[in-house]
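Fold and contact review
Given next are the chains, with one letter for each unit.
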Amino acid sequence: MNTEAPGEPPKTVESSVSMPTRQFLPTGSDNCGDVLFSLFGVPAFFISSEPLPPVPPLLYSRGNRTAPATNSIARKGGKGQDGRKISPDAPKWPLMPKQNVRIITLGCAKNEVDAEEIAGVLAEAGYDLDGAADASDVTIINTCGFLEAAKRESIETIKEAIRDKKAGKTGRVIVAGCLAQRLGSDLERLAPGADSYVGVGQMARFADILDKPAVVSRQSAVAPPQHLWADVPTRARTGAPWSAYLKVSEGCDHRCTFCTIPSFRGGHASKPIERVVAEARHLAKTGAREINLIAQDVTQYGYDLYREFTMPRLMRELSEVDVDWIRLLYCYPNRLTDEVIDTMASLPKVCNYIDVPLQHVHPDVLRAMKRPWDGERYLLVFEKLRKAMPDAAIRTTFIVGFPGETEEHFESLLDFLQEARLDRVGAFMFSREPGTPSYDMANQVPERIKKERYNRLMVAQQAISLSVNRSWIGRKLPVLIEGHTPDGWSVGRSHRDAPEIDGLVYVGGKLLPGSMAETIITDAAEYDLYAAPAGKSNKTRLMPLRQAAPAAAR
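As a starting point, this report considers the structure included with it. (Residues numbered from 1 in each chain as written. Predicted model: local features only at pLDDT ≥ 70, side-chain atom pairs only at ≥ 80, totals over all residues. Heavy atoms only, no water.)

Describing the packing of helix α7 (residues 273-285) against helix α9 (residues 311-318)
A pair of packed helices can be characterised by two numbers: the angle between their axes and the separation between those axes. Stated precisely, the cut-off is as follows: Here an angle of 0 to 180 degrees is reported between the N-to-C directions of two axes, which are lines fitted to C-alpha atoms, with helices fitted over the stretch in contact. Strands here are runs of E lasting at least two residues and helices are runs of H or I lasting at least four, both read from the DSSP assignment and numbered beginning at the N terminus. Helix crossings get a hand from a simple test, with the near helix turned counterclockwise from the far one by less than a right angle marking a left-handed crossing and a clockwise turn marking a right-handed one. Contact definition: two residues touch when any of their heavy atoms are within 4.5 Å. Under this grouping Gly is polar, as are all residues other than the nonpolar Ala, Val, Leu, Ile, Met, Phe, Trp, Tyr, Cys and Pro and the charged Asp, Glu, Lys and Arg.
Between α7 and α9, whose axes approach to 10 Å, the crossing angle comes to 35 degrees. Handedness of the α7/α9 crossing: right-handed. Note on element contacts: α9 touches α7 through Arg313, Leu314, Glu317 and Leu318, opposite Ile273, Val276, Val277 and Ala280. Considering only residue class, the contact of α7 with α9 consists of 6 nonpolar, no polar and 2 charged.

What about the environment of alanine 388?
For clarity, the threshold we go by: Only protein chains enter the accessibility calculation, which uses a 1.4 Å probe. A residue is then buried if its area is under 20% of the maximum for its type, exposed if over 50%, and partly exposed in between.
Position of alanine 388 among the secondary structure elements: in helix α12 (residues 375-388). Alanine 388 gets classed as partly exposed once you look at its relative accessible area, which sits at 31%. What alanine 388 contacts, discounting residues up to four positions off in sequence, is Ile341 and Ala345.

Describing the pattern of salt bridges
Which entries qualify depends on this criterion: Criterion for a salt bridge: a side-chain nitrogen of Lys or Arg within 4 Å of a carboxyl oxygen of Asp or Glu.
By the definition in use, this model includes 28 salt bridges. With a closest N to O distance of 3.3 Å, arginine 265 and aspartate 114 form a salt bridge. Of this pair, arginine 265 sits in helix α6 (residues 261-265) while aspartate 114 sits in helix α1 (residues 109-124), and the two are 151 residues apart along the sequence. For glutamate 405, the salt bridge goes to arginine 453, with nearest N and O atoms at 2.9 Å. Placement of the pair is glutamate 405 in the loop between β14 (393-400) and α13 (407-420) and arginine 453 in helix α14 (residues 447-470), with a sequence separation of 48 residues. Across the pair, exposure class does not vary: glutamate 405 and arginine 453 are buried alike. Counted as one network, the salt bridges with shared partners bring together Glu405, Glu407, Glu411, Glu452, Arg453 and Arg456.

Digging into the environment of tryptophan 229
Along the chain, tryptophan 229 turns up in the loop between α5 (206-211) and β8 (243-247). Remark: the alpha-carbon pair of tryptophan 229 and glutamate 117, spanning 112 residues in sequence, is separated by 8.5 Å. In contact with tryptophan 229, other than residues within four places in its own chain, are Ala204, Lys247, Ser249, Glu250, Ala269, Ser270, Lys271 and Arg275.

Some points on unusual backbone geometry
With omega at 20 degrees, the peptide bond leading from leucine 329 into tyrosine 330 counts as cis. Within the fold, tyrosine 330 resides in the loop between β12 (325-329) and α10 (338-346). In the Ramachandran plot, glutamine 359 falls in the positive-phi region, its phi being about 75 degrees despite a non-glycine side chain. Within the element layout of this structure, glutamine 359 appears in the loop between β13 (353-355) and α11 (363-369). Exposure remark for glutamine 359: the relative accessible area of 0% places this residue in the buried category. Phi angles above zero are rare outside glycine, and arginine 421 is one such case at about 50 degrees. Relative to the elements of secondary structure, arginine 421 occurs in the loop between α13 and β15 (424-429).

Let's talk about the pairing of strand β18 (residues 505-508)
Note the following rule: In this scheme, strands are said to pair when DSSP sees at least two bridges between them.
Every second residue of β18 is oriented toward a common face, with Val505 and Val507 on one face and Tyr506 and Gly508 on the other, all of them buried. Strand direction decides the pairing type here: strand β17 (residues 489-493) and β18, joined by 4 bridges, are antiparallel. What sits directly across from tryptophan 489, in β18, is glycine 508. Note: β18 against strand β20 (residues 529-533), 3 bridges, orientation parallel. If you follow valine 505 over to β20, its bridge partner there is leucine 529.

Take a look at the structure:
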């Protein structure tokens, strides 16, 4: 293993967005978004040019980006000449040759998990999955329907697939997921020509949907939201093998006035605890060292099944699984109880990382959003978290420009930032979504004011982030290595950094991707840290990377 000191970190092209906002959308009950990442979950310009371990065939693409399988998929139980399972009531038409399927998935990590389940179900049924194929027999589009921008992207992707169908580049086109559920029959009018429209939560049915197209009408599968969990072993693994998302529940019982998710994902529905633990064990066996628990609200986990909030029990049971890190995404502020906090603090495998979407801090705005509490209560919770876990990283997301937000309301948000001194802050400008109560609210904020407030907030947080990061200089920090820069730096994440949305740690020398490195922090920038392997010194002057700031800061 080469740990020689590298040269200067590469300078990257500046963008118009500062790093804390790589995730543009709010977390928690409204965390959906599409992040541009390459094969192994890190930006493409950080991938080493050295040979990587062999990767099995591509399974699906994220929009125009393909994602690889990182372990082989068992294809068992086929009973037809094409290897697919044939149920007793299947239509008796001539068996078709093995079909090639391309899955395009848009949106958040929850959609990515859905795509992995769909891919695994189809692979087990004997279908070939190749996200990079020039032509396919079937194209499945796993849509996002959270915000207007996501809706437009999904509709354009459907139209592109229909054009491919007319050009003979694909056969059937199946539209699935959130936008199909949200729009129902309206989607067929906006993007006509697909063969089937399938709602959310039906991953386990996809072999039947492809095997028996005659019994799946254009709208028959867009019923009220239902969640049919696929069998644990059938889930395909994509992306970096050492990090995995695990969805612990679906839907949401909160009724935030800006959020569309309950309308198409339905009410909160938890996976049984034994099912979650079995899936975690399966992920560990397929190489995961980090498991990220995801839901619209992980702190509500289990209440619908066990009549009590069961996340503390789940954390304890998952701590028996052979992984290094367990991360919770995303917590609801008034459900960060003493029991949840004490349990997190007592379990070494549970990352001291709290992603708690606040959305705002002024009581007037929170009341209009139908969100709990106010800034003073949030500060008390943060004080309690930091007392229990001194190295805790706290992340939140804010909405700027919500209807009725005044300059006074916004100034209270800036004051809160200075007092809270949060590790990670994301923000996005309010999006007026049809069907939500906030769509019809009075005093809509003009776009130019939204943009101005967004920039001011991110500039203020930039200085705080730099100060917090500098406090880590000289301290030891384990880092999960994920790739290399072209000139010899290793790139990874600490417990403070959730995949795709937070900062990175650059470690001197080439370390093995997927390994956990003990490091000493030697320098800091606004969003990233720089380190040397523990026991080694690095006297190279470290230059901050990706310092692109909001336009107002330039």
